[in-house]
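# Residue-level structure breakdown
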Amino acid sequence: MRKGCDVLWSGLPNEKQKGDNLMRIFVDSPVPQSPTWSRNTILLPFLPEGRGTRRLFTAVRNALLVYRVAKYGDAVVFGDTYPLSASVYGLLHCLRSERPLIVRRDPLAPAPSHSSFWKNRFRQLALSSVDFLWVYAPSVARRYVEWYNFPPDKILVLKFHHTLTGFDFPQPTRGDYIFAGGDSQRDYATLVKAVTGLDCAVVIATRRPPPKHLPQNVEWQPVRPEEFRKLMAGSNFVVLPLDTSRGTTSGQQSYLNAMALGKLVIVTDTEDASYYIENGVTGILVPSGNAQDLRTAIEWALHNHAQVDQIGKRAREIALPMDQEWTFSRLLAFVQGELRKQSSS
């Protein structure tokens, strides 16, 4: 059922050819680690959106491609790789009387107060065409209902996944340093403040520029993906300092990877992360932006190795089964179920 990019331009089955029992599910991003998803979806040959004025032209091109190939009885699933393309297509989608099913992964929209009026209006119009919005936690769903008046019955809450499958992760060991990493929505200023003066080494792997002054126990550097994985696997435990002040959500991949490796994770997010981590049982949650609470949690972890090991073991049992196949096979089953409902109505 999977088609190559060239087929999309010359050989896609039309409405008469595809038959009543063939459900075409178009996607904008591949998930090779999920065989079930890969076998049952058709990859769209999208161009990278890029930046600047060219981004809009590329997004329009991508949107027109979907408009051309996806018909009634099909489904289109947008990830978060091409957000503008998905939004432009959402506006085109409103013009059709018989339209494909749209599922969009969009858990990162900020609170309206953090965007201009026109950005908020554009986002609302684009989302109005979505049949189902995939978010990573019930708290994210509540924010979409409150901020954008999005219908709650059109929200699919489905957990994210770790990305250990398909990559060469080193055997986990306990090192003598604390690891923190990533770029999206990170609050490293709070982490640096929390660890200043502590008798422990801290390695921060990020492409963000470092602050002018770092304490002697903090090492800050960009690293390659394989080095990132190695540092995480060899750490004492992992800290994910997240900035939740804008209402966006992030960090699930990083703390699920750490949990699946059997690491204790300390996450500065008591709302969204609580859907994945039971505080004190499979990880430690502290309020975002609170350096003193974060320092207290780190000091506890440095002096309670037996409890840290127990939490890491429980975390691994919970997180390890949650790979890409786990998530995307569930997403596929949901989309196929909605297509069957559509075909029978």
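Owing to the predicted nature of the structure, the values given are computational and were not obtained by experimental measurement.

## With respect to the overall build of the protein chain
Helix and strand counts for the protein chain come out as 13 helices and 12 strands. At 22 Å, the protein chain has a C-alpha radius of gyration in line with the 20 Å of a compact globule built from 345 residues. On the principal axes, the C-alpha backbone points of the protein chain span a range of 70 × 40 × 35 Å. Per-residue burial over the protein chain gives 52% buried out of 345 residues. On the protein chain, the mean spot of the 41 positive side-chain charges and the mean spot of the 32 negative ones are 6 Å from each other.

## Regarding the pattern of salt bridges
Close approach of charged atoms lets side chains of opposite charge pair. On inspection of all chains with the given rule, the structure shows 11 salt bridges. Among the salt bridges present, the one from Asp272 reaches Arg143, with a minimum N-O distance of 2.8 Å. Here Asp272, found in the loop between β11 (265-267) and β12 (284-285), pairs with Arg143, found in helix α7 (residues 138-148); they are 129 residues apart in sequence, far enough to count as distant. Residue classification places Arg143 among the buried residues on the basis of a relative accessible area of 9%. A salt bridge links Arg295 to Glu299; the nearest nitrogen and oxygen atoms lie 3.8 Å apart. Here Arg295 and its partner Glu299 are both found in helix α11 (residues 291-303), 4 residues apart, which amounts to about one turn of the helix.

## Side note on the confidence of the model for the protein chain
Of all residues in the protein chain, 93% attain a pLDDT of 70 or more, and the chain-wide mean is 90. Low pLDDT (under 50) marks residues 1-21, which in the prediction has 40 contacts with non-local residues, meaning those over four places away or in another chain.

## Things to note about the environment of Gly262
With respect to the helices and strands, the residue Gly262 is situated in the loop between α10 (252-260) and β11. Put simply, Gly262 and Phe57 are 205 residues apart on the chain and 45 Å apart in space, counted from C-alpha to C-alpha.

## Considering the side chain of Asn62
Along the polypeptide, Asn62 turns up in helix α4 (residues 53-69). Taking relative accessible area as the criterion, Asn62 reaches 0% and is therefore assigned buried. Beyond its immediate stretch of four places on either side in the chain, Asn62 contacts Phe46, Leu47, Tyr82 and Ser85.

## Quick look at unusual backbone geometry
A positive phi angle is found at Asn149, which is not glycine, with a value near 55 degrees. Tracing the backbone shows Asn149 in the loop between α7 and β6 (155-157). Although it is not a glycine, Gln185 sits at a positive phi angle of roughly 60 degrees. When you line up the elements, Gln185 lands in the loop between β7 (177-181) and α8 (188-195).

## Notes on the nonpolar core
The tendency in soluble globular proteins is for nonpolar side chains to be buried side by side. Core analysis: the largest hydrophobic core is formed by 47 residues, its most contacted members being Tyr255, Val267, Leu331 and Val335. One finds Phe46, Ala59, Leu133 and Ile155 within the second-largest nonpolar core, a separate group that totals 30 residues.

## Topic: the sheet that holds β12
Sheet architecture is open: 6 strands sit in the order β9-β8-β7-β10-β11-β12, paired in parallel fashion. Either end of the sheet is taken by a strand with one partner, and the two such strands are β9 (218-221) and β12. Note that strand β8 (residues 201-205) and β9 share 4 bridges and pair parallel. Considered in β9, the bridge of Val203 is made with Glu219. Here α11 sits on the sheet in contact with β7, β10 (237-240), β11 and β12, set at roughly 175 degrees to β10.

## Overview of the packing of aromatic side chains
If you walk through the whole model with that rule in mind, you get 12 aromatic pairs. Where Tyr275 meets Tyr276, the ring centres are 5.6 Å apart and the plane angle is 85 degrees; that geometry is what we call edge-to-face. The class of Tyr276 is buried, set by a relative accessible area of 6%. Among the aromatic residues, ring-to-ring pairing joins Trp37, Trp134, Tyr136, Phe160 and Phe328 into one connected group. The lysine or arginine in question, Lys159, covers the ring of Tyr275, its NZ or CZ lying 4.8 Å from the ring centre. The ring of Tyr276 is capped by Lys159, whose NZ or CZ atom sits 5.7 Å from the centre of that ring.

What counts as what
Residues numbered from 1 in each chain as written. Predicted model: local features only at pLDDT ≥ 70, side-chain atom pairs only at ≥ 80, totals over all residues. Heavy atoms only, no water. Helix = DSSP H or I, 4+ residues; strand = E, 2+ residues; numbered from the N terminus. Rg over C-alpha atoms; globule rule 2.2 N^0.38 Å. Buried < 20%, exposed > 50% of the residue type's maximum accessible area, 1.4 Å probe, protein only. Lys, Arg positive; Asp, Glu negative; His and termini not counted. Charge placed at Lys NZ, Arg CZ, Asp CG, Glu CD. Salt bridge = Lys/Arg side-chain N within 4 Å of Asp/Glu carboxyl O. pLDDT = per-residue confidence, 0-100. Contact = heavy atoms within 4.5 Å. Core = buried A, V, L, I, M, F, W, Y, C linked by side-chain atoms within 4.5 Å. Pairing = 2+ DSSP bridges. Axes fitted to C-alpha atoms, helices over the stretch in contact; angles between N-to-C directions. Phe/Tyr/Trp six-rings, centres within 6.5 Å; stacked < 30°, edge-to-face > 60°. Lys NZ or Arg CZ within 6 Å of the ring centre and 35° of its normal.

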